[in-house]
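Okay, here's what each chain looks like letter by letter:
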Amino acid sequence: MTADAVTSSTAAPGADYADTASAAYRAALQVIETVEPRIAAATRKELADQRDSLKLIASENYASPAVLLTMGTWLSDKYAEGTIGHRFYAGCQNVDVVESVAAEHARELFGAPYAYAQPHSGIDANLVAFWAILATRVEAPGLAELGAKHVNDLSEADWESLRNKLGNQRLMGMSLDAGGHLTHGFRPNISGKMFHQRSYGTDPETGLLDYDALAAAAREFKPLILVGGYSAYPRRVDFAKLREIADEVGATLMVDMAHFAGLVAGKVFTGDEDPVPHAHVTTTTTHKSLRGPRGGLVLAQPEYSDAVDKGCPMVLGGPLSHVMAAKAVALAEARQPSFQAYAQRVADNAKSLAEGFLKRGARLVTGGTDNHIVLLDVTSFGLTGRQAESALLDAGVVTNRNSIPADPNGAWYTSGIRFGTPALTTRGFGAAEFDRVAELVVDVLQNTQPNSTGPTGFSKAKYTLADGTAERVHAASAEMLAANPLYPGLTL
Ligand code: PLP
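Residues numbered from 1 in each chain as written. Predicted model: local features only at pLDDT ≥ 70, side-chain atom pairs only at ≥ 80, totals over all residues. Heavy atoms only, no water.

(A) Broad picture of the overall build of the chain. The helix and strand tally for the chain stands at 20 helices and 17 strands. Compactness check: the chain gives a C-alpha radius of gyration of 23 Å against a globular reference of 23 Å for 492 residues, within 12% of the reference. Judged by the C-alpha coordinates and their principal axes, the chain covers about 75 × 55 × 40 Å. When the 492 residues of the chain are sorted by exposure, 57% land in the buried category. Considering only contacts in the chain between residues 6 or more positions apart, those separated by 24 or more positions represent 74%. As displayed, the chain offers around 20,000 Å² of accessible surface, 54% of which is attributable to carbon and sulfur atoms. Of the side-chain charges in the chain, 43 are positive and 54 negative, and the distance between the mean point of each set is 3 Å. (Helix = DSSP H or I, 4+ residues; strand = E, 2+ residues; numbered from the N terminus. Rg over C-alpha atoms; globule rule 2.2 N^0.38 Å. Buried < 20%, exposed > 50% of the residue type's maximum accessible area, 1.4 Å probe, protein only. Contact = heavy atoms within 4.5 Å. Areas by Shrake-Rupley, 256 points an atom, 1.4 Å probe, with all protein chains shown as cover. Lys, Arg positive; Asp, Glu negative; His and termini not counted. Charge placed at Lys NZ, Arg CZ, Asp CG, Glu CD.)

Shown next, in the form of structure tokens:
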């Protein structure tokens with residue numbers, strides 16, 4: 001089997017080797033059953049549940065059986081703290097191969113001079129990036145001023161001075177309610193505590209990024225780190241412009257492309273929309289639109305690579321070698337031409353979903369999409385995000401509630417529902433199916449009423465779904481799901 005055979009269609013990869021994968025999973029589950037049957041049962045049930053629901057969570061996908069199987073090996077048993085060729089443990093020659101292959105695929109796929117495959121998750125990748133930027137921009141001059149002493153020779157006063165320098169830097173990222181991620185300086189997250197932070201938002205009228213306002217805020221605040229990237233912004237970003245702004249104010253541009261890495265890998269975002277050539281440091285998860293195992297990656301320009309390479313042990317513990325192996329397999333899949341077709345379909349399907357909502361009278365943040373995300377404002381249905389999310393789940397539609405700009409219901413109840421197309425596109429859904437999905441979602445929301453709490457008004461959490469709605473929507477989605485099976489040919 002060639003690597004291309006793995007992803008020879010835009011539908012779920014793995015059909016080509018389904019019999020072999022079925023045998024492997026059956027054997028694995030039998031083995032697990034002999035030790036802890038409840039875990040085997042929950043694993044089987046998870047597959048059944050995923051097969052039976054309309055998964056529209058924008059940050060989820062279905063990794064191929066090749067990627068999933070790669071994680072279940074003895075590579076998991078090896079400690080390999082350090083970097084390729086320089087480990088704190090003996091016997092890491094095979095992990096060196098694994099990490100080198102993962103990094104090589106990442107460099108080639110994204111055209112990055114340097115790639116670091118160790119981060120265990122997206123948050124870890126961002127912590128490594130923060131560390132690398134601080135170490136490159138702050139710690140080295142700090143140490144130089146202290147006379148470039150060996151760490152063992154630093155006095156308590158030296159350390160105090162260093163801590164003050166490292167701990168008093170500025171970071172500017174997109175606000176959570178405009179679509180940023182909590183690691184981009186949100187107060188409850190460590191990024192909002194370790195840095196003096198300021199956030200940029202979107203234009204209150206259009207919901208779009210306002211680059212002039214962003215530049216003005218950056219000129220005033222002068223951040224050390226300007227963070228680009230988002231979790232819930234349904235539009236493309238001009239990263240060349242962000243780099244211009246960063247250069248003007250002396251900031252390091254760090255882009256977190258966790259959400260849209262698949263669209264970068266699949267060459268849907270190119271030129272100014274591709275963050276990798278513009279950012280000093282780019283971070284990502286590997287499990288969202290990129291369709292790999294749960295994990296993170298850091299890509300860096302040469303001036304930051306030495307510091308990123310020290311992610312372990314400065315920030316991370318021992319690398320998850322089995323997951324790095326699965327990253328390598330997923331990145332190899334993403335380098336196939338069929339992944340580009342998949343990524344284009346993800347974006348086309350999001351447009352179809354957005355148009356399906358708009359033609360049925362729903363309001364979308366920014367009025368549409370040009371990436372993989374659609375953000376629906378559910379206040380026009382008289383609902384909170386929490387009520388809409390629960391009612392949709394009752395009907396077998398899996399989404400997540402999300403803040404919208406200037407959200408009247410706050411970050412817990414919210415006023416939005418975020419939809420994403422990567423997962424169902426992997427199953428083979430196309431434009432017609434996504435239009436039907438919009439119809440089903442609108443059907444559910446139009447048939448959901450918030451529960452009255454008497455004279456005090458309406459509950460933000462409780463709701464009533466009209467009789468028959470869940471059954472009607474379940475039946476309609478079951479037809480589409482059956483026509484686009486998850487892991488076709490895979491039997492347990
Ligand atoms: N960065 C962005 C933009 C994200 O959307 C997310 C997750 O949703 C993360 C980072 C964190 O990733 P993880 O859950 O792997 O830590």
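(B) Up close: the pattern of salt bridges. Enumeration according to the criterion identifies 21 salt bridges in this entry. E33 is paired through a salt bridge with R44; the nearest N and O atoms lie 3.4 Å apart. Of this pair, E33 sits in helix 2 (residues 18–35) while R44 sits in helix 3 (residues 37–52); the two residues are 11 residues apart in sequence, bridging distant segments of the chain. The partner of E160 in a salt bridge is R163, with the nearest N and O atoms 2.9 Å apart. Of this pair, E160 and R163 are both found in helix 7 (residues 156–166), three residues apart, which corresponds to roughly one turn of the helix. Judged by relative accessible area, which is 45%, R163 ranks as partly exposed. A network of salt bridges, in which partner residues are shared, links K359, R360, D435, R436 and E439. (Salt bridge = Lys/Arg side-chain N within 4 Å of Asp/Glu carboxyl O.)

(C) Highlighting the domain arrangement of the chain. You can read the domains of the chain as domain 1 (76–334) and domain 2 (337–483). Between the C-alpha centres of domain 1 and domain 2 there is a distance of 31 Å. Taken together, the contact pairs 27 residues of domain 1 with 26 residues of domain 2. Interface of domain 1 and domain 2: buried area, both sides summed, is about 2,100 Å²; carbon and sulfur atoms make up 58% of it. (Domains from an automatic or database assignment. Buried area = accessible area lost by both parts, 1.4 Å probe.)

(D) Looking closely at the confidence of the model for the chain. Considering every residue of the chain, the mean pLDDT works out to 94; 95% of them sit at 70 or more. This model gives residues 1–9 a pLDDT under 50, and the stretch forms 20 contacts once residues within four places in sequence are excluded. (pLDDT = per-residue confidence, 0-100.)

(E) How the structure looks around the nonpolar core. Ranked by internal contacts, the top residues of the largest apolar core, which has 61 residues, are F110, L226 and F260. Looking at this core, the element that brings in the most residues is helix 5 (residues 93–110), giving seven residues. The residues that make up this core include at least three from each of domain 1 (76–334) and domain 2 (337–483). Among residues more than four places away in sequence, those in contact with F260 are G229, Y230, F239, V255, F269, P275, S289 and H372. Counting residues in hydrophobic clusters, the runner-up holds 36 residues, among them V374, L376, V437 and L465. (Core = buried A, V, L, I, M, F, W, Y, C linked by side-chain atoms within 4.5 Å.)

(F) The arrangement of the site of the ligand in detail. In the vicinity of the ligand, the contacting residues are S121, G122, I123, H181, Y230, S231, D256, A258, H259, T285, H287 and K288. Interatomic distance of 3.2 Å between a side-chain N/O atom of S121 and an oxygen atom of the ligand. Within the side chain of S231, an N or O atom sits 2.7 Å from an oxygen atom of the ligand. The fraction of the free accessible surface of the ligand (390 Å²) that becomes covered by protein chains is 83%. Across the shell around the ligand, the residue classes tally to three nonpolar, seven polar and two charged. (Near = heavy atom within 4 Å. Polar contact = N/O pair within 3.5 Å; in protein donor to acceptor, adjacent residues only side chain to side chain. Nonpolar A, V, L, I, M, F, W, Y, C, P; charged D, E, K, R; others polar.)

(G) Focus on the packing of helix 15 (residues 337–358) against helix 19 (residues 431–446). Relative to each other, helix 15 and helix 19 sit at 35 degrees, their axes nearing to 8 Å. Seen from above, helix 15 lies across helix 19 with right-handed handedness. Facing N349, S352, L353, G356 and F357 of helix 15, the residues of helix 19 in contact are A431, F434, D435, V437, A438, V441 and V442. Partitioning the contact of helix 15 with helix 19 into residue classes produces eight nonpolar, three polar and one charged. (Axes fitted to C-alpha atoms, helices over the stretch in contact; angles between N-to-C directions. Left-handed = near helix turned anticlockwise from the far one by under 90°.)

(H) Just the packing of aromatic side chains, in detail. Counted by the stated rule, this structure contains nine aromatic pairs. Here F130 and F195 contribute two aromatic rings whose centre-to-centre distance is 5.2 Å and whose plane-to-plane angle is 75 degrees, an arrangement assigned as edge-to-face. Of this pair, F130 sits in helix 6 (residues 122–145) while F195 sits in the loop between helix 8 (191–194) and strand 6 (196–200), and the two are 65 residues apart along the sequence. In this pair, the class of F130 matches that of F195, namely buried. On the basis of an interplanar angle of 25 degrees and a centroid distance of 4.9 Å, the ring pair of Y230 and F260 is categorised as stacked. Of this pair, Y230 sits in the loop between strand 7 (225–229) and helix 10 (239–249) while F260 sits in the loop between strand 8 (252–256) and helix 11 (261–265), and the two are 30 residues apart along the sequence. (Phe/Tyr/Trp six-rings, centres within 6.5 Å; stacked < 30°, edge-to-face > 60°.)

(I) Looking closely at the environment of L263. Mapped onto the secondary structure, L263 falls in helix 11. With 77 residues separating them in the primary sequence, L263 and Q340 have C-alpha atoms 8.1 Å apart. Setting aside residues up to four positions removed in sequence, L263 forms contacts with V268, F269, S289, A343, V346, N371 and H372.

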